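Next come the chains, spelled out residue by residue.
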Amino acid sequence: MNLYLDAGILSALVVLLVCPFSTRLARANWVTRAPRAAVTLWHSLGISATLATIGAGLCVATERFHAGFVGGVGELGEGMVGGHPLQGLGLPDALGLTLAADVGVVLFSVVGVVIVRTVLARARHRRLLNLLATPSQGCMGTLTLDHPSPVAYCLPGIRPRIVISSGTMRLLDQAQLAAVIEHERGHAHERHGLVMLPMTSLTEPFRWIPFARLAPRAVAGLLEMAADDHSARRHAPSSLASALVALSTSAAPPRCAFAFASHGVNVRVQRLIGSDRTSKRAAIAAGLLCTLAVFAPLAVVLSS
Amino acid sequence: MAALGELERRVMEVLWGSMGTPLTGRQVADQLPDRAYTTVLTILDRLRRKNIVERTTEGKAHRFAAPASRETYMAQLMVEALGSAQDRQAVLVRFAEVVGPEEAVVLRRALEDLPDEPGGT
């Protein structure tokens, strides 16, 4: 019945999730064999850590009711509805309540701001594309950009745009080009822009938390692999692998550090030319860990 | 919407092609023979409201010009598509990152070992 103990357990869970678990997951090799499940796992870690933090705050704030977590939160809610939310509130209760409310408010406002910023940036980019890119003749639903740099990307949105530059078309043969376009279609169909949104919003404000540093990069890499798989189901994986090598080695490397990104290209090429690109066992393992992560904080608070 | 965007692009190409000389609506429309004059005027007005086209008035005639060149817009687009992560808010997902020379050797070698057999799984 001691909610302070629960709060301690939840806090420990948060620390475990955002530090050692995140570091381990970022280094794990098995996740590349189930990229989509692994993306869900990263999201689950984030959700679980958020729930546990809010839960820990509420545990501290509701201990004084001696009614367990559910009863305590109920009484807290009644107090708020009844217009006397602060009645009988001691210092620890107030601190707990503040923590719970702040984490919720900060997370939602930060995510909201980044969503708005990203949507505006995408709209601006779409306007540029409208002025500069022409619909491709050969490949349905893609835009051609008359530029010598070899670029291929997907602009996410309600109607995602797939952009291929003339430099890319010159560099690749028909089979490679088809594989690349299918890769971009994978991003578009699976709405990777949307999947990435909450992750990008974490990086800037929470740089000091390992999870916030690691998750966006890891998820971005995994989404590339998911799109590779989408393409490899329809075209020869070797075409995509050779296109990937051709594009990533064509231009002079920019001055900024690309160590992680290049590592990503290597891993992607290896899994495209290897025989065990995806594995059911990896997907099941990731799924189990997802369930465990999300239910752990719920189990702690509901057990009391 | 797609057709409108297409027409905006063609109008811009006419203005960019005039090498900075402001054109009247009629002159723009003459270069787009498959479109009505009024349609072209509407598009020019839309582009003016988006600040992509500037309008100057001499007497009764409006003249239109593109203040920024096609290359300026292209450079901006390329920065957003290829730039560092901060510049690349819009385009989150890009097919291939550029790798260094050592990495390139490793990647090419990996491909050489690949048997020549097409066909996916």
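In this text the structure is predicted, and so the values were computed from the model without any measurement.

Brief notes about the overall build of chain B
Then, number 1: The helix and strand inventory of chain B stands at 5 helices and 4 strands.
Then, number 2: Starting at the N terminus, the α and β elements of chain B follow one another as α-β-α-α-β-β-α-β-α.
Then, number 3: Here chain B holds 121 residues, and 40% of them are scored as buried.
Then, number 4: A sequence separation of at least 24 residues applies to 43% of the contacts in chain B between residues at least 6 apart.
Then, number 5: Carbon and sulfur atoms make up 52% of the accessible area of chain B, which amounts to about 6,900 Å² in all.

As for the overall build of chain A
Then, number 1: When its secondary structure is counted, chain A shows 11 helices and 4 strands.
Then, number 2: Along the first, second and third principal axes, the C-alpha set of chain A runs to 75 × 45 × 35 Å.
Then, number 3: Here chain A, with 304 residues, has 49% of them falling under the buried criterion.
Then, number 4: Within chain A, contacts between residues at least 6 apart in sequence are counted, and of these 69% link residues at least 24 apart.
Then, number 5: Approximately 14,300 Å² of chain A is accessible, and the part contributed by carbon and sulfur atoms is 66%.

Re the packing of helix α2 (residues 35-62) of chain A against helix α4 (residues 91-132) of chain A
Angle between the axes and distance between the axes are the two parameters that describe a pair of packed helices.
Residues and elements named next belong to chain A.
Then, number 1: Where α2 meets α4, the axes come as close as 6 Å, and the angle between the chain directions of the two elements is 155 degrees. By the angle between their directions, the pair α2 and α4 is classed as roughly antiparallel. For the element pair α2 and α4, the recorded crossing hand is left-handed. Here T50, T53, I54, G57, L58, V60 and A61 of α2 come into contact with α4, specifically with P92, D93, G96, L97, L99, A100, V103, G104 and L107.
Then, number 2: A per-class count over the contact of α2 with α4 returns 10 nonpolar, 5 polar and 1 charged.

Here's the deal with the pairing of strand β2 (residues 142-145) of chain A
All names here are of chain A.
Then, number 1: Burial of β2 is two-sided: the residues T142 and T144 facing one way and the residues L143 and L145 facing the other way are all buried.
Then, number 2: Sheet analysis places strand β1 (residues 134-135) next to β2, joined by 2 bridges and oriented antiparallel. Within β2, the position partnered with T134 by the bridge is T144.
Then, number 3: Across 4 bridges, the pairing between β2 and strand β4 (residues 161-165) is parallel. Looking at β4, one finds that L145 is bridged to S165.

Quick look at the packing of α4 of chain A against helix α4 (residues 70-82) of chain B
Then, number 1: Direction vectors running N to C along α4 of chain A and α4 of chain B enclose 135 degrees, while the axes themselves pass 10 Å from each other. With respect to α4 of chain B, the element α4 of chain A is oriented oblique. Pair α4 of chain A / α4 of chain B crosses with left-handed handedness. Here R124, H125, L128, L129 and L132 of chain A of α4 of chain A lie close against α4 of chain B, whose contacting residues are R70, Y73, M74, Q76, L77, E80 and A81 of chain B.
Then, number 2: Of the residues in the contact of α4 of chain A with α4 of chain B, the class split is 7 nonpolar, 2 polar and 3 charged.

Here's the deal with the nonpolar core
Then, number 1: Of all hydrophobic cores here, the largest spans 49 residues; its most connected members are W42 and F211 of chain A.
Then, number 2: Those elements that place two or more of their residues in this core are α1 (3-27), α2, α3 (68-81), α4, α7 (192-203), α8 (210-232) and α11 (280-302) of chain A.
Then, number 3: With 13 residues, the top contributor of residues to this core is α2 of chain A.
Then, number 4: Of all hydrophobic cores here, the second largest spans 35 residues; its members include V11, W16, L32 and L77 of chain B.

Describing the pattern of salt bridges
If the charged atoms of two oppositely charged side chains come close together, the side chains can form a pair.
Then, number 1: Applying the stated criterion across every chain yields a total of 18 salt bridges over all chains.
Then, number 2: Notably, a salt bridge pairs E58 of chain B with R63 of chain B, separated by 3.7 Å at the nearest N-O pair.

Digging into helix α3 (residues 37-49) of chain B
All names here are of chain B.
Then, number 1: Under the 1.5 Å per step criterion, the end-to-end length of α3 is 19 Å for 13 residues, consistent within 8% with the ideal 18 Å.
Then, number 2: Those residues of α3 that fall on the buried side of the exposure criterion are V40, I43, L44 and L47. The buried side chains of α3 occupy one side of the element, clustering within an arc of 100 degrees when seen end-on. Exposed and oriented more than 90 degrees from the buried face of α3 are T38 and R49.
Then, number 3: Among the residues trailing α3, N51 stands out with phi positive, at a value near 65 degrees.

Section: the confidence of the model for chain A
All names here are of chain A.
Then, number 1: When pLDDT is averaged along chain A, the result is 87; 95% of the residues meet or exceed 70.
Then, number 2: By mean pLDDT, the top-scoring element of chain A is α11 (94), and the lowest-scoring one is helix α10 (residues 259-273) (73).
Then, number 3: Predicted confidence is poor over residues 252-262, with pLDDT under 50, and the contacts of this stretch with residues over four places away or in other chains come to 12 contacts.

What counts, and where the lines are drawn
Residues numbered from 1 in each chain as written. Chains lettered and ligands numbered in written order. Predicted model: local features only at pLDDT ≥ 70, side-chain atom pairs only at ≥ 80, totals over all residues. Heavy atoms only, no water. Helix = DSSP H or I, 4+ residues; strand = E, 2+ residues; numbered from the N terminus. Buried < 20%, exposed > 50% of the residue type's maximum accessible area, 1.4 Å probe, protein only. Contact = heavy atoms within 4.5 Å. Areas by Shrake-Rupley, 256 points an atom, 1.4 Å probe, with all protein chains shown as cover. Axes fitted to C-alpha atoms, helices over the stretch in contact; angles between N-to-C directions. Parallel < 35°, antiparallel > 145°, perpendicular 65-115°, else oblique. Left-handed = near helix turned anticlockwise from the far one by under 90°. Nonpolar A, V, L, I, M, F, W, Y, C, P; charged D, E, K, R; others polar. Pairing = 2+ DSSP bridges. Core = buried A, V, L, I, M, F, W, Y, C linked by side-chain atoms within 4.5 Å. Salt bridge = Lys/Arg side-chain N within 4 Å of Asp/Glu carboxyl O. Expected span 1.5 Å × (residues − 1). Arc of directions from axis to C-beta. pLDDT = per-residue confidence, 0-100.

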